[in-house]
Amino acid sequence: MAAANSEMQASTDDRRDATTLFIKFRRKISPIFTMKFLKIFMFGQMLSLLICGTSVTSQLLFDRHGVAAPTAQSFTNYLLLGLVYGIQLFFISGRDGFKKVLKTRWWKYLFVAAVDVEANYLVVKAYQYTNLTSIQLLDCITIPVVLLLSFIVLRVRYRWLHYVGVGICLIGVGALVGSDIYAGRSHIGGSDKFLGDMLCLVGASLYGVSNVAEEYAIRNFSRVEFLGMLGMWGSLISGIQLVALERNELTSLSWGTEVILLLLGFALCLFLLYSIFPVVIKLSSATVVNLSILTADFYTFFCGLLIFHYMFSPLYILAFSTIIGGLIIYSLKPTAEAPRDSTYAPMDTETGDRAVSIQRRQAKEQPMTVDVPSAVDNEGPNETQALNTSINN
């Protein structure tokens, strides 16, 4: 009898341990089974598709019509941003109104706009001098730049799991590069490889600066303010650069219907990309967004199968899955923000209210999260005990 009771007790203990482990495991992976993560994932893939749209239209412009005018292509985007969001900003009054912003922060947005314009110009220009493999690899320098600047400027503190997720995403990029080599796309490009590599390296680094500046502006001010000022200064800078560097290219261009439609398609994709980018940053962070858009080459490849007759490689599927896996691992834990000495609080990431942010900061002793929030279910403290009681019964 005693032996039977002992066996029953051991069996109950085993089931209790298994239940406890299951609860802990469910809590660990619960952040990826939330509506917030689903939104981040879907928006991220939408950004990748828009990047794919800009890549395809640019390649069609170059292959079929010999158009290589990156500043002219970007100018339309900045002009649209200035018209759509600049006009909205103009009619806002008070602390966040156009006059106040122009008076106090104009030089900051001028700097960010210059960085963004040159980042677009340098990376697109690099395609004329180096090959696709180099650009895909060097373009990833944006991610460590974002990590470093987020650590310094935004005071984000990463855990080991975040570095593992980033590493896995970069392995996925390596698989993409291998796929391009297999498909024979790696040697597309000009002959001055060193110049092209340097252009891509500097341009990708400037993208990182622009992305972190955007995250700072979105969290402290507003999306309309950032996009409106970026559009205003960006259209001015790119317009001057267009006249200085690309006027001969545009005057000698044969302005057919297809050229106009491709230019408009490029501008529309880039405008939507810029409009959605801050939304995803506010939901997550600049780091998460840059990890998400690594899948853009995957979508470009499938478009290339139909339009440019690329050779299929199973490595593309592996690369896509690896990048998504790295993103999921990165999202399992929220990042933390180091304590600030300043009494000025950024806008609350959920309500957009600075007052709410101040109240939450005062109410919490633990570091606040600024990246993908953990959506761990708030099960009651007696959940394990209740389940164990149910098992015993």
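The paragraphs below set out a description of the structure included in this document.

Cut-offs applied
Residues numbered from 1 in each chain as written. Predicted model: local features only at pLDDT ≥ 70, side-chain atom pairs only at ≥ 80, totals over all residues. Heavy atoms only, no water. Axes fitted to C-alpha atoms, helices over the stretch in contact; angles between N-to-C directions. Helix = DSSP H or I, 4+ residues; strand = E, 2+ residues; numbered from the N terminus. Parallel < 35°, antiparallel > 145°, perpendicular 65-115°, else oblique. Left-handed = near helix turned anticlockwise from the far one by under 90°. Nonpolar A, V, L, I, M, F, W, Y, C, P; charged D, E, K, R; others polar. Contact = heavy atoms within 4.5 Å. Patch = residues over 30% accessible without salt bridge, like charges linked within 9 Å, V, L, I, M, F, W, Y side chains within 5 Å. Areas by Shrake-Rupley, 256 points an atom, 1.4 Å probe, with all protein chains shown as cover. Salt bridge = Lys/Arg side-chain N within 4 Å of Asp/Glu carboxyl O. Buried < 20%, exposed > 50% of the residue type's maximum accessible area, 1.4 Å probe, protein only.

Another point: the packing of helix α2 (residues 35–65) against helix α12 (residues 257–283). For any two helices packed against each other, one specifies the crossing angle of their axes together with the interaxial distance. Following both chains from N to C, one finds α2 and α12 inclined at 155°, their axes separated by 9 Å at the closest point. By the angle between their directions, the pair α2 and α12 is classed as roughly antiparallel. For α2 against α12, the interelement crossing comes out left-handed. Taken together, the residues of the contact of α2 with α12 sort by class into 21 nonpolar, 6 polar and 4 charged.

Bringing the packing of helix α5 (residues 106–126) against helix α9 (residues 193–220) into the picture now. Closest axis-to-axis distance for the α5/α9 pair is 7 Å, and the angle between their directions is 145°. Seen from above, α5 lies across α9 with left-handed handedness. Together, Tyr 109, Phe 111, Val 112, Val 115, Asp 116, Glu 118, Ala 119, Asn 120, Leu 122, Val 123, Lys 125 and Ala 126 of α5 and Gly 196, Leu 199, Cys 200, Val 202, Gly 203, Ala 204, Leu 206, Tyr 207, Val 209, Ser 210, Ala 213 and Ala 217 of α9 make up the contact between the two elements. Partitioning the contact of α5 with α9 into residue classes produces 17 nonpolar, 4 polar and 3 charged.

Another aspect to go through is a nonpolar patch on the surface. A cluster of nonpolar residues, Leu 79, Leu 83, Val 84, Ile 87, Phe 90 and Phe 91, forms a patch on the protein surface that exposes about 600 Å² of accessible area. Residue placement: Ile 87 occurs in helix α3 (residues 70–90). Judged by relative accessible area, Ile 87 falls into the partly exposed class, the value being 45%.

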